[in-house]
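Listed below, chain by chain, are the residues.
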Amino acid sequence: MHADTTVMIMNEYQQEQLEALNIVRRGLPRFDDSKRIEMIKKIDGYMQFRQSVDRFLHRYVSDVCTQTCFKSNTSACCSKDGIITFFADMVINALHATPAQLDRLEAVLKRVNRGHRCVYLGCRGCLWTVRPVVCAMFLCDRAMSAVLQIDPEAEKAWASLRRQEKSFKWPDRAVLFDYLEKAFLDMGFQSTLMHLNLSPGLLRIKKKAGLG
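The shown structure was predicted, so the numbers you read here are calculated from the model rather than taken from an experiment. (Residues numbered from 1 in each chain as written. Predicted model: local features only at pLDDT ≥ 70, side-chain atom pairs only at ≥ 80, totals over all residues. Heavy atoms only, no water.)

Draft legend 1. Spatial organisation of the nonpolar core. Counting residues in each nonpolar core, the largest one holds 62 residues, and the members touching the most others are Tyr 120 and Phe 184. Counting residues per element, the ones that place at least two in this core are α2 (12-27), α3 (33-60), α5 (87-96), α6 (99-109), α7 (133-136), α8 (141-148), α9 (152-169) and α10 (176-185). For this core, the element with the highest residue contribution is α3, accounting for nine residues. Contacts of Tyr 120, omitting those with residues within four sequence positions, involve Tyr 13, Gln 17, Ile 83, Met 90, Leu 105, Val 108, Leu 109, Gly 125, Cys 126, Leu 127 and Trp 128. (Core = buried A, V, L, I, M, F, W, Y, C linked by side-chain atoms within 4.5 Å. Buried < 20%, exposed > 50% of the residue type's maximum accessible area, 1.4 Å probe, protein only. Helix = DSSP H or I, 4+ residues; strand = E, 2+ residues; numbered from the N terminus. Contact = heavy atoms within 4.5 Å.)

Below, the structure is given as structure tokens:
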């Protein structure tokens, strides 16, 4: 009875997210120590990239974002019902989060999202330990015009970060996000968030690059 009620209050987005989260939580313990160490090493470069993104945001746009989004509650990204996530986002987050932090994600996905905002947005900000790359790399038009269009140094730094982002998730070469999806596919798991192995467009890119 309780399980049926839970399903009824979850929308399609929440069900998809919860399914991916559960797959990651079930799958990670099945990898042996050597595979987990390999995965963490593979992710290390990505985490360095994310630290560079955070430094950029803190230096150039944190004041703009705090004023225009957080204080006014008009965020162009967090006001969405849900955000785009990759399966790799779930894996990376799970490897850096505590069980209690993952429990919080699971709990919020099972609740009705009554507000016009992202289901993952809590009273103290994002509930993810390592938030999805789409969120980390989002700059609204207001932030772009307030910072990038008037500061050539910032514009150049942001362009470099965008190129680095592509090197982790755009499958015209061997990329981290594809590696993480395949690790779970090889274990017999499949999620609709495995875009690099299920999206026809991305599969064409991989095939053209000789990867599929």
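The discussion continues.
Draft legend 2. α3, seen in detail. Taking 1.5 Å of rise per residue, 28 residues should cover 40 Å, and α3 covers 40 Å from first to last C-alpha, within 8% of that figure. Along its length, α3 shows its largest kink, about 35°, at Asp 44. When we look at burial in α3, the residues that qualify are Met 39, Ile 43, Tyr 46, Met 47, Phe 49, Arg 50, Val 53, Phe 56, Leu 57 and Tyr 60. (Expected span 1.5 Å × (residues − 1). Bend = angle between axes of the 7 residues up to and from the residue.)

Draft legend 3. Geometry of the packing of aromatic side chains. Enumeration over the complete set of coordinates arrives at eleven aromatic pairs. Pairwise contacts between aromatic rings join Tyr 46, Phe 49, Phe 86, Phe 168 and Phe 177 into one cluster. One residue, Lys 42, lies across the ring of Tyr 179, its end atom 5.0 Å from the ring centre. (Phe/Tyr/Trp six-rings, centres within 6.5 Å; stacked < 30°, edge-to-face > 60°. Lys NZ or Arg CZ within 6 Å of the ring centre and 35° of its normal.)

Draft legend 4. Seen up close, the pattern of salt bridges. Counted by the stated rule, this structure contains eleven salt bridges. Notably, a salt bridge pairs Lys 35 with Glu 38, separated by 3.1 Å at the nearest N-O pair. Of this pair, Lys 35 and Glu 38 are both found in helix α3, three residues apart, which corresponds to roughly one turn of the helix. Residue Asp 172 is joined to Arg 173 by a salt bridge in which the shortest nitrogen-to-oxygen separation is 3.0 Å. A residue is classified by how much of its surface remains accessible, and Asp 172, at 35% relative accessible area, is partly exposed. On the accessibility criterion, Arg 173 (38% relative accessible area) is partly exposed. Linked by salt bridges that have partners in common, Arg 25, Asp 103, Glu 106 and Lys 110 make up one network. (Salt bridge = Lys/Arg side-chain N within 4 Å of Asp/Glu carboxyl O.)

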